[in-house]
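Structure assessment
Single-letter residue listing:
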Amino acid sequence: MDAGGSGNVATPSAGTPSDPPGAVFGGVEVAARGLGVRGGHGWVYRHVSLHAAPGTLTVVTGEAGSGRTSLLLTLAGRMKPAEGTLTVGGLAAPRRIRQVSALGLFPQVNPLDDALSVREHLQERSRTHGFLWRRRHPDAGRSALAHARLDPDALPHGDRTPVRELTRDQAVRLGVALALLDQPGLLLVDDADTGIPAGRRHELWDTLRGLADGGLTVIAACTDAEEASGVATALLPLPVPPPPVAGDDTEKAERR
């Protein structure tokens, strides 16, 4: 799997996918070339290219302000790029991409309601799919929590625990569970290492790797690339350097 700008190929790691038989999720292919988003003060990110197949975990790394969140929102069809091309599951229109992708917890986009419990959040998300869907999937909430490895029995008040009593790790996992209720082909998780103790961070990466091994396409963002390198299919550091300008090598050789 390649990631990054022209000539910038990510190094595969221990998490390279093998298309496991009996996949639980139906992942989708993500193909981006030369993506860039411009904000009011210039380019938020630029020169981003990546390819993510079903069953892979791509980790976007970079410091705050490097464009990590904006890139994930672009890949989810929530932001329109100023340049470059993007297809997710063969779909190019942002509104179509949104139908096959789902966001984990993005505090500035889809914050959890501190006053609601874990159960109430799951019920609210399930309600958006309609009565017939809920009848066909009566255990959807429990299954989503299990895939996100959020054990209600480990919470202070079970699934009636208010969100305000969750740790950051538990809140991120609830965000993943809510996203899984949408049955996406692409899952995006932001700030996967923010505010979580080291041991819990490793467990969260293992959870995301497990979702990818189940057939889902997972793209997550973090600051520390080292922690994710053991489970990631590919790493994409931001910012991406601009591609070399044609003729640069010739001019350098002539100056020598």
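Some remarks on the overall build of the chain
Along its length, the chain carries 9 helices and 10 strands. For the chain, the proportion of its 256 residues judged to be buried stands at 45%. Considering only contacts within the chain whose residues lie at least 6 apart along the sequence, 76% involve residues at least 24 apart. A total accessible area of about 12,600 Å² is found for the chain, and carbon and sulfur atoms account for 50% of it.

Side note on the nonpolar core
Among the nonpolar cores identified, the biggest contains 42 residues, and Leu-174, Trp-205 and Leu-211 are the most heavily contacted of them. Every element with two or more residues in this core is listed here: strand S4 (57–61), helix H3 (118–127), helix H5 (140–147), helix H6 (168–180), strand S8 (186–189), helix H7 (198–213) and strand S9 (217–222). Per element, the largest residue contribution to this core is 8 residues, and it comes from H6. Those residues in contact with Trp-205 that sit more than four places away from it in its chain are Leu-57, Val-59, Ala-192, Ala-220, Cys-222, Glu-227, Ala-228 and Val-231.

Points about H6
For H6, which comprises 13 residues, the first-to-last C-alpha distance of 19 Å matches the rise-based estimate of 18 Å (1.5 Å per residue) to within 8%. Among the 13 residues of H6, 12 are classified as buried, and the element is accordingly described as predominantly covered. Buried within H6 we find Asp-169, Gln-170, Ala-171, Val-172, Arg-173, Leu-174, Gly-175, Val-176, Ala-177, Leu-178, Ala-179 and Leu-180. Buried residues along H6 sit against strand S6 (101–103), H3, H5, S8 and H7.

With respect to the packing of H5 against H6
Put simply, H5 and H6 touch, their axes get as near as 8 Å, and they point 130° apart. It follows from the interaxial angle that H5 and H6 lie oblique. Viewed along their axes, H5 and H6 form a crossing whose handedness is right-handed. Contact residues: H5 offers Ala-144, Leu-145 and His-147, while H6 offers Leu-174, Ala-177 and Leu-180. Considered class by class, the residues forming the contact of H5 with H6 number 5 nonpolar, 1 polar and no charged.

A short note on unusual backbone geometry
Omega for the peptide link from Leu-238 to Pro-239 comes to 0°, which places this bond in the cis form. Unusually for a residue other than glycine, Arg-149 sits at a positive phi of about 55°. Relative to the helices and strands, Arg-149 resides in the loop between H5 and strand S7 (156–159).

Brief notes about the pattern of salt bridges
Taken as a whole and assessed by the stated rule, the structure comprises 9 salt bridges. Salt-bridge contacts for Arg-200 lead to Glu-203; the nearest nitrogen and oxygen are separated by 3.1 Å. In this pair, Arg-200 and Glu-203 both sit in helix H7, 3 residues apart, roughly one turn of the helix. By relative accessible area, which is 37% here, Glu-203 ends up partly exposed. Taking the shortest distance from any N to any O, the salt bridge between Arg-209 and Asp-213 comes out at 3.0 Å. Of the two residues, Arg-209 and Asp-213 are both situated in helix H7; the distance of 4 residues between them amounts to about one turn of the helix. Taking relative accessible area as the criterion, Asp-213 reaches 39% and is therefore assigned partly exposed.

Thoughts on the confidence of the model for the chain
The share of residues in the chain with pLDDT of 70 or more is 87%, and the mean pLDDT across the chain is 89. pLDDT under 50 marks residues 4–20. Its contacts with residues more than four places away, or in other chains, come to 38 contacts.

Conventions we followed
Residues numbered from 1 in each chain as written. Predicted model: local features only at pLDDT ≥ 70, side-chain atom pairs only at ≥ 80, totals over all residues. Heavy atoms only, no water. Helix = DSSP H or I, 4+ residues; strand = E, 2+ residues; numbered from the N terminus. Buried < 20%, exposed > 50% of the residue type's maximum accessible area, 1.4 Å probe, protein only. Contact = heavy atoms within 4.5 Å. Areas by Shrake-Rupley, 256 points an atom, 1.4 Å probe, with all protein chains shown as cover. Core = buried A, V, L, I, M, F, W, Y, C linked by side-chain atoms within 4.5 Å. Expected span 1.5 Å × (residues − 1). Axes fitted to C-alpha atoms, helices over the stretch in contact; angles between N-to-C directions. Parallel < 35°, antiparallel > 145°, perpendicular 65-115°, else oblique. Left-handed = near helix turned anticlockwise from the far one by under 90°. Nonpolar A, V, L, I, M, F, W, Y, C, P; charged D, E, K, R; others polar. Salt bridge = Lys/Arg side-chain N within 4 Å of Asp/Glu carboxyl O. pLDDT = per-residue confidence, 0-100.

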